[in-house]
Amino acid sequence: MFPMARVFVTRRIPQSALDRLQAEATVDVWPEPLPPPYEELRRRVADCEGLLCLLTDRIDADLIAAAPRLRVISQMAVGYDNIDVAAATARGIPVGHTPGVLTETTADLTWALLLATARRLLDGVRSIEAGQWRTWDPLGLLGTDVHGATLGIVGLGRIGAAVARRAVGFGMCILYTGPREKPDVAAGVGATYVDFDTLLRESDIVSIHCPLTPETRHLFDARAFARMKPGAILINTARGGIVDHEALLEAVRSGHLGGAGLDVTEPEPLPADHPLMHQERVIVTPHIGSATVRTRTRMANMAVDNLLAGLRGERLPYCVNPEVYTKNGRG
Ligand code: DGY
């Protein structure tokens, strides 16, 4: 009998997925609630054939080089900006991710955040907790109307389109921007393609749904905020690095922006004493876009599907660097 392949899993994941993995591989699961420190991660992966990782793990070129037997990297997330994909590709290692299964769940959370921010739900709860609810106040806790407003979507991909579909029910005018027009998707929701500056200028609410890349890092900086409509609201459920948080803080503090809802920050977690955590009109949630029982279970199983395919030498069902197959003549 051949020995089973060794796999490192960087955190506890839903048990049904882990059981499937353990049936086919020798699995080392990091048992702590916090991610393994980088050096520990590197040490544990060093003699593994497979790695199942999360967006909290830095999978860089050094770590990949220090794992000579590594044959597959499977990320339990759709985003993979924490992985040096180029270094994996250079080694012929396929990298898997989990697109599609978290789309609707993340769009739901985006809407929860959007409504809560626009209608200042957290400010309301905080005011009750502070004993400030004394009467119905004609001028108290005034927010922004969502129905009939203009929604600007940055990145009309899977999640952006799911957010747009929900906006139709709120009678919103939908604008979108991105590297290219998506006429088919846009037609389904009546969205109009505009350039970035037009989207900033025209939108009452801007929602970010693009990946974090060198091009989108700090796409929302002081210049971008200055171009947004006075009173506009920013929602980010994509990646924290797309927003310059100091510039955002200034834009909200000055009263130029009407608020911000952030499910993602940079760093994560944002320090508890970071001013954004305590700023009126700002809601920060701890990266819970995909956090439902069903979706996390589906993500874990998809990550296991990718991992097992890689160990068997089969093509990953959801691969971010399919060029590894053509390069190596495996496809
Ligand atoms: C992802 O999958 O990239 C989300 O940020 C976490 O579900």
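Only a predicted model underlies this, so the values are computations on that prediction, with no experimental measurement involved.

About the thresholds
Residues numbered from 1 in each chain as written. Predicted model: local features only at pLDDT ≥ 70, side-chain atom pairs only at ≥ 80, totals over all residues. Heavy atoms only, no water. Buried < 20%, exposed > 50% of the residue type's maximum accessible area, 1.4 Å probe, protein only. Helix = DSSP H or I, 4+ residues; strand = E, 2+ residues; numbered from the N terminus. Right-handed = clockwise from strand over helix to strand, strands pointing away. Pairing = 2+ DSSP bridges. Domains from an automatic or database assignment. Contact = heavy atoms within 4.5 Å. Buried area = accessible area lost by both parts, 1.4 Å probe. Salt bridge = Lys/Arg side-chain N within 4 Å of Asp/Glu carboxyl O. Near = heavy atom within 4 Å. Polar contact = N/O pair within 3.5 Å; in protein donor to acceptor, adjacent residues only side chain to side chain. Areas by Shrake-Rupley, 256 points an atom, 1.4 Å probe, with all protein chains shown as cover. Nonpolar A, V, L, I, M, F, W, Y, C, P; charged D, E, K, R; others polar. Axes fitted to C-alpha atoms, helices over the stretch in contact; angles between N-to-C directions.

1. Examining the pairing of strand β6 (residues 150-154)
Here's step 1: Counted residue by residue, β6 has five buried out of five residues, so it is predominantly covered.
Here's step 2: Side chains T150, G152 and V154 of β6 all project onto a buried face; the interleaved residues L151 and I153 project onto the opposite face, where all are buried too.
Here's step 3: Between the parallel pair β6 and strand β7 (residues 173-177), the chain is carried across by helix α7 (residues 158-168), and the sense of this crossover is right-handed.
Here's step 4: Bridge count between β6 and strand β9 (residues 205-208): four bridges; the pairing is parallel. Looking at β9, one finds that L151 is bridged to I205.

2. Details of the domain arrangement of the protein chain
Here's step 1: Each assigned domain of the protein chain is listed here: domain 1 (6-101 + 293-327) and domain 2 (103-284).
Here's step 2: On a C-alpha basis, the centres of domain 1 and domain 2 stand 31 Å from each other.
Here's step 3: Taken together, the contact between domain 1 and domain 2 spans eight residues of the former and five residues of the latter.
Here's step 4: Note on domain 1 versus domain 2: buried area summed over both sides is about 580 Å², and carbon and sulfur give 43% of it.
Here's step 5: For the pair domain 1 and domain 2, the number of links is one salt bridge.
Here's step 6: For the salt bridge of D81 with R239, the shortest nitrogen-to-oxygen distance reads 2.9 Å.

3. So, the site of the ligand
Here's step 1: As a structural note, the neighbourhood of the ligand is formed by L55, A77, V78, G79, L102, R239, H287, S290 and M299.
Here's step 2: Within the backbone of V78, a nitrogen or oxygen atom sits 2.7 Å from an oxygen atom of the ligand.
Here's step 3: For the ligand, an oxygen atom lies 2.7 Å from a polar atom in the side chain of R239.
Here's step 4: When the ligand is considered free in solution it has 230 Å² of accessible area, and contact with the protein chains removes 91% of it.
Here's step 5: Counted by class, the shell around the ligand contains five nonpolar, three polar and one charged residues.

4. A closer look at the sheet that holds strand β12 (residues 282-284)
Here's step 1: Read across the sheet, seven strands follow the order β8-β7-β6-β9-β10-β11-β12 without closing on themselves; strand pairing throughout is parallel. The sheet is open, and its two borders are formed by β8 (191-193) and β12, each paired with just one other strand. For this sheet the average axis-to-axis angle between neighbouring strands, irrespective of direction, equals 15°.
Here's step 2: Here β7 pairs with β8 via three bridges, running parallel. By the bridge assignment, L175 is partnered in β8 with T192.

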